[in-house]
Amino acid sequence: MLQKRAREIGDIIKNSREVHIVTHIDADGITAGCIAYQTLQKLGKECSIEFVKQLDESVLTRLKDENYELVWFTDLGSNISTGYPEINKVITDHHTCSIESNQRFHLNPHLFNLDGGFEISGAGVTYLVSKTIDKKNMDLSQLAVVGACGDLQDRKYNKLSGLNRNILDDGESVGVVKAKIDIRYFGRETRPVYKLLQYASDPVIPGLSGRESACISFLQEHGIKMKDGDNWRCWVDLSKAERRVVISNIARVFLSKGFGYKTVKRIIGEIYLLEQEEEGTEVHDAKEYATLLNSTARYGKYEVGLRVCMGDRGEWFKKARNLLSGHRANLVEGLQFAKEEGIERREYLQFFHAGSGIRDTVVGIVTNMLLNSEEINGDIPLVGFADKGNGEVKASARATEELVQQGLNLSSAMKKAASVVDGIGGGHSIAAGATIPKGKEEEFLAILEQEIKNQLVSI
Ligand code: C5P
Ligand code: C5P
Ligand code: ZN
């Protein structure tokens, strides 16, 4: 069924002369857009691409006026599949959507009883269409793996699951991706080991995460040399035996603090390597690649992200690496800022308001990191607000897998609460976002809290 839909969309694309791609600004959006772009280029189509933060009235009105022969929406668009008939479109998206949006030009896992929160990403569904157009596009599966990792789709099972696995198989079969079992913490190839521990956030290591000197002493205590000459050693520079020592001692830390097997198990899992990339660069490990991309379009540097995905490893790659250090600093500052502002706890949700202290395009990442930090109890969802600077406020909500298991659906709750205050919202059950008019935060929170309560209590 889903395959058939992918083929139908592929046919619509093949029958068009000129296609305009509209995609999202995060890693999944960039990779999705790039898969679409490369697919069209290989077909010899005329194509253009743009990146948007969200599909709102103003974007849609403009697209309508621009009168494209065909618009290909990737990693967004599911909520407009029944609207805007004037825009001739195809949609490859994975956000929660209603069954009414089931149209022949709309590919979304939720229409086929699959969960777009973890079974396939925006880049993944776009890849499925690309593959039906030409099997030679199977090399693009590597970008779909990066997109899925960017959306944290490996979190639920400590590895990619659902349709993501088929995409991974494609990547392995054509030799562009390789799955490996290793430590799941971010920065295996590019961060000094003590930094990898210091920034470990999923799960947070009690007593180590956030504490540089504690991480250094931990490594010294266990006989791990941190430098090789003048160079900091990264995780991948450690010998197998050294890695084992570190992992077993992290596990010991968790167990001694009363954490169970489930938490300890999350330290290791599948990681994904891009076989054609050089080891030690930011594009070899899929998670690091996704973070590199997140440092570009989220800051308005769309072309940088796109060029890197298209394969540039020269000037554009250098630009991306420069943006990455800014992004990392922003996240550290953002976290600090949110903590200082203070998190207010209500019965069914907790929130912070960053005002203009955190960019609206990264407040979601900060909210996620904060929810996973030691300072916060993840027993109820966390909402982060940030001003957009145009009389609007961005809200990002994040929850835990446990809450989702209990019936929480942030996507529908955020959608409902936003619509009551004349905003728009949506996303996934575990992570959702909204844009609302400034000044409506309190009203929005009250409705959101009620929705969350209904979801958790009615199950
Ligand atoms: O826009 P999009 O679907 O691409 O983004 C997915 C969002 O969901 C990401 O911000 C990601 O961090 C979040 N997510 C999460 N926990 C998960 C899965 C996804 O916070 N387990
Ligand atoms: O922006 P943020 O990272 O908080 O978004 C979390 C999830 O909600 C993402 O998948 C994003 O695409 C989605 N979202 C949405 N509609 C909005 C805002 C966010 O579907 N208005
Ligand atoms: Zn996505």
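Refer to the structure presented above.
Residues numbered from 1 in each chain as written. Chains lettered and ligands numbered in written order. Predicted model: local features only at pLDDT ≥ 70, side-chain atom pairs only at ≥ 80, totals over all residues. Heavy atoms only, no water.

A. Local environment of the coordination of the zinc ion (ligand 3). Around the zinc ion (ligand 3), the donor atoms from the protein are Asp 28 (OD), Asp 75 (OD), His 94 (NE2) and Asp 151 (OD), and they sit 2.1 to 2.3 Å away. As a motif over one chain, the donors of the zinc ion (ligand 3) read D-x46-D-x18-H-x56-D. With Asp 28 in helix 2 (residues 27-43) and His 94 in the loop between strand 4 (89-92) and strand 5 (106-107), this residue pair connects regions lying 66 residues apart in the sequence. A relative accessible area of 0% places Asp 28 in the buried class. (Donors = N, O, S within 2.8 Å, 3.2 Å for Na, K, Ca; no water. Helix = DSSP H or I, 4+ residues; strand = E, 2+ residues; numbered from the N terminus. Buried < 20%, exposed > 50% of the residue type's maximum accessible area, 1.4 Å probe, protein only.)

B. Just the layout of surface pockets, in detail. Estimated volume of the second largest pocket: approximately 420 Å³. Contributing to the lining of the second largest pocket are 16 residues, with Gln 198, Ser 209, Gly 210, Leu 335 and Lys 339 lying nearest its centre. The element best represented in the lining of the second largest pocket is helix 13 (residues 315-341), accounting for four residues. Here the residues of the lining of the second largest pocket are counted per class, giving six nonpolar, six polar and four charged. There are two domains that each give the lining of the second largest pocket at least three residues, and those are domain 2 (191-269) and domain 3 (342-457). (1 Å grid on protein atoms, 1.4 Å probe; cavity = no way out; pocket = protein on both sides within 12 Å on 5 of 7 lines; lining within 4 Å. Points joined across faces, edges and corners; volume = space filled by probe spheres on them. Nonpolar A, V, L, I, M, F, W, Y, C, P; charged D, E, K, R; others polar. Domains from an automatic or database assignment.)

C. Up close: the sheet that holds strand 11 (residues 350-353). With respect to topology, six strands assemble into an open sheet ordered 10-11-12-13-15-14, the strand pairing being mixed. Each edge of the open sheet is held by one strand with a lone partner, namely strand 10 (344-345) and strand 14 (424-427). Sheet topology note: the strand 12 (residues 382-387)/strand 13 (residues 392-398) ladder contains six bridges and is antiparallel. The partner of Phe 385 across the bridge, within strand 13, is Ala 395. Contacts from helix 17 (residues 441-458) reach strand 11, strand 12, strand 13 and strand 15 (431-437) within the one sheet, and its direction differs from that of strand 12 by about 160 degrees. (Pairing = 2+ DSSP bridges. Contact = heavy atoms within 4.5 Å. Axes fitted to C-alpha atoms, helices over the stretch in contact; angles between N-to-C directions.)

D. Summary view of the nonpolar core. Residues Ile 13, Leu 55, Trp 72, Phe 73 and Tyr 289 are the most contacted members of the largest nonpolar core, which totals 76 residues. With residues near it in sequence (within four places) discarded, Phe 73 still touches Val 22, Leu 55, Leu 60, Leu 63, Ile 80, Ile 87, Lys 89, Val 90, Ile 91 and Thr 92. Membership of the second largest hydrophobic core comes to 26 residues, among which are Phe 351, Ala 395, Ala 418 and Ala 434. (Core = buried A, V, L, I, M, F, W, Y, C linked by side-chain atoms within 4.5 Å.)

E. Main features of the site of ligand 1. Taken together, 14 residues surround ligand 1, and among them Asp 26, His 95, Asp 151, Arg 155 and His 428 come closest. Contacts to ligand 1 include His 94, whose side-chain N or O atom sits 3.1 Å from an oxygen atom. In this structure, a nitrogen atom belonging to ligand 1 sits 3.0 Å away from a side-chain N or O atom of Arg 155. Contact with the protein chains covers 89% of the free accessible surface of ligand 1, which is 470 Å². When grouped by side-chain class, the residues that make up the shell around ligand 1 number three nonpolar, five polar and six charged. (Near = heavy atom within 4 Å. Polar contact = N/O pair within 3.5 Å; in protein donor to acceptor, adjacent residues only side chain to side chain. Areas by Shrake-Rupley, 256 points an atom, 1.4 Å probe, with all protein chains shown as cover.)

F. Spotlight on the packing of helix 1 (residues 2-14) against helix 4 (residues 122-133). In the contact formed by helix 1 and helix 4, the axes pass within 8 Å of each other and the chain directions differ by 70 degrees. Judged by the angle between their axes, helix 1 and helix 4 are roughly perpendicular. Along this stretch, helix 1 crosses helix 4, giving a crossing that reads as right-handed. Across from Leu 2, Gln 3, Ala 6, Arg 7, Ile 9, Gly 10, Ile 13 and Lys 14 in helix 1, the residues of helix 4 making contact are Leu 128, Val 129, Thr 132 and Ile 133. When its residues are assigned to classes, the contact of helix 1 with helix 4 shows seven nonpolar, three polar and two charged. (Parallel < 35°, antiparallel > 145°, perpendicular 65-115°, else oblique. Left-handed = near helix turned anticlockwise from the far one by under 90°.)

G. Looking closely at the side chain of Asn 158. Checked against the element boundaries, Asn 158 lands in the loop between helix 5 (141-150) and helix 6 (163-173). If we ignore the near neighbours within four places in the chain, the residues touching Asn 158 are Arg 184, Lys 265, Arg 266, Ile 268, Gly 269 and Glu 270.

H. Geometry of the pattern of salt bridges. With the rule as written, the count across this model stands at 33 salt bridges. Across the salt bridge formed by Lys 42 and Asp 139, the nearest N and O atoms sit 3.7 Å from each other. Here Lys 42 is found in helix 2, whereas its partner Asp 139 is found in the loop between helix 4 and helix 5, with 97 residues between them in sequence. In this structure, Arg 313 and Glu 277 form a salt bridge, with 2.9 Å as the shortest nitrogen-oxygen distance. Placement of the pair is Arg 313 in the loop between helix 12 (302-310) and helix 13 and Glu 277 in the loop between strand 9 (268-274) and helix 11 (286-294), with a sequence separation of 36 residues. Overlapping salt bridges bring together Asp 182, Arg 188, Glu 189, Arg 243 and Asp 285 as one network. (Salt bridge = Lys/Arg side-chain N within 4 Å of Asp/Glu carboxyl O.)

I. The arrangement of the site of ligand 2 in detail. Near ligand 2, the surroundings consist of 15 residues, among which His 95, Lys 394, Ser 396, Arg 398 and Gly 426 are the closest. Between Ile 424 and ligand 2, the recorded distance is 3.3 Å, taken from a backbone N or O atom to a nitrogen atom. At a separation of 3.1 Å, an oxygen atom of ligand 2 approaches a polar backbone atom of Gly 426. Here ligand 2 loses 80% of its free accessible area of 450 Å² to cover by the protein chains.

J. Seen up close, the sheet that holds strand 2 (residues 46-52). Sheet architecture is open: five strands sit in the order 2-1-3-4-5, paired in parallel fashion. Looking along the sheet, the strands with just one partner apiece sit at the ends: strand 2 and strand 5. The sheet contact formed by strand 4 and strand 5 spans two bridges and is parallel. Following the sheet pairing, Ile 91 is matched in strand 5 by His 106. Helix 2 rests against strand 1 (18-24), strand 2 and strand 3 (70-74) of the sheet, and its axis sits at about 170 degrees to strand 1.

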